[in-house]
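A structural walkthrough
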Amino acid sequence: MFSSIIACSVDVDGELLLSRVVSKQLGEQLKSKLVDSLQSEGPISAISVCNFDAPNISNTLGENYELEVGRTSLKTRNPANQPDAWETKQLQWFESQLKSGVDVKSLEVHEVLTENNQEVFRYMKAIPVQEPCALCHGKNIPPSVTNKIDTLYPEDQAKGYEIGELRGAFTVKIEL
Ligand code: HEC
């Protein structure tokens with residue numbers, strides 16, 4: 001990408017490694033919470049867990065590592081996760097890469113930008129739709145689950161996905 005020329009002028013190897021680690025931790029922590037609550041209390045409670053825990057886990061990781069980390073998507077469930085202009089551009093690029101057959105596991109991007117007179121390192125990593133996600137993001141969501149989602153997220157756009165599609169991305173921002 002054109003942007004990588006800029007990124008190469010600053011040494012951001014540390015930021016890149018940290019972003020990968022933090023994204024992985026966010027993914028793993030969310031997954032273990034989700035699996036636990038699905039098994040012990042079922043899907044309706046699991047939605048509440050996502051609702052409360054997803055922002056909390058992101059915030060705690062962000063505080064621990066002194067950065068911003070979260071999840072975003074072109075079709076969000078929680079409007080608080082909406083992408084900014086840079087994130088939208090990367091998500092569109094991920095979509096085009098997926099369509100041309102690139103393995104989703106390798107889809108990540110990083111860039112150094114100046115935002116409000118501050119140099120920032122930004123990173124995103126693609127999140128594919130997997131089988132367990134269909135329960136709450138797929139085409140045949142049980143009505144009780146749909147009801148709960150629509151009550152908590154009246155602006156939900158994150159239903160109707162198929163396995164293998166791009167659900168969204170982890171996103172990290174570090175001040176340099
Ligand atoms: C039990 C229901 C449930 C399951 C299963 C589930 N999600 Fe979600 N998902 C949610 C809820 C609820 C939110 C909103 C969380 C919030 O408020 O930040 C969400 C939000 C997201 C977001 C953040 C962007 C947005 O739309 O707001 C991503 C990315 C995401 N889910 C991916 C996945 C993936 C990938 C899987 C499968 C591994 C999955 N989800 C499984 C309920 C679920």
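Now for a look at the structure at hand. From a predicted model like this one, the values you see are computed outputs, not experimental measurements.

Conventions we followed
- Residues numbered from 1 in each chain as written.
- Predicted model: local features only at pLDDT ≥ 70, side-chain atom pairs only at ≥ 80, totals over all residues.
- Heavy atoms only, no water.
- Donors = N, O, S within 2.8 Å, 3.2 Å for Na, K, Ca; no water.
- Helix = DSSP H or I, 4+ residues; strand = E, 2+ residues; numbered from the N terminus.
- Near = heavy atom within 4 Å.
- Polar contact = N/O pair within 3.5 Å; in protein donor to acceptor, adjacent residues only side chain to side chain.
- Nonpolar A, V, L, I, M, F, W, Y, C, P; charged D, E, K, R; others polar.
- Pairing = 2+ DSSP bridges.
- Axes fitted to C-alpha atoms, helices over the stretch in contact; angles between N-to-C directions.
- Contact = heavy atoms within 4.5 Å.

Topic: the coordination of the iron atom of the ligand
Inspection of the coordination sphere of the iron atom of the ligand shows a single protein donor, His137 (NE2), at 2.1 Å. Positionally, His137 belongs in helix 5 (residues 134-137).

Observations regarding the site of the ligand
Residues in contact with the ligand amount to 20 residues; listed here are only the nearest, Cys133, Cys136, His137, Tyr153 and Arg167. Separating an oxygen atom of the ligand from a backbone N or O atom of Arg77 is a distance of 2.7 Å. Asn78 is positioned such that a nitrogen or oxygen atom in its side chain is 2.9 Å from an oxygen atom of the ligand. Class assignment for the residues of the shell around the ligand results in 11 nonpolar, five polar and four charged.

With respect to the sheet that holds strand 4 (residues 166-175)
The four strands are arranged 1-4-3-2 in an open sheet whose pairing can be described as antiparallel. Only two strands of the sheet have a single partner each, and these edge strands are strand 1 (68-72) and strand 2 (108-115). For this sheet, the mean angle separating the axes of adjacent strands, direction not counted, is 20 degrees. Here strand 1 runs beside strand 4; their pairing, made up of five bridges, is antiparallel. In the strand pairing of strand 4, Thr72 is matched with Ala169. In this fold helix 2 (residues 13-41) packs onto strand 1, strand 2, strand 3 (118-128) and strand 4, with an angle of close to 135 degrees to the strand it touches most, strand 4.

Treat this as a map of the structure, not an account of what it does.
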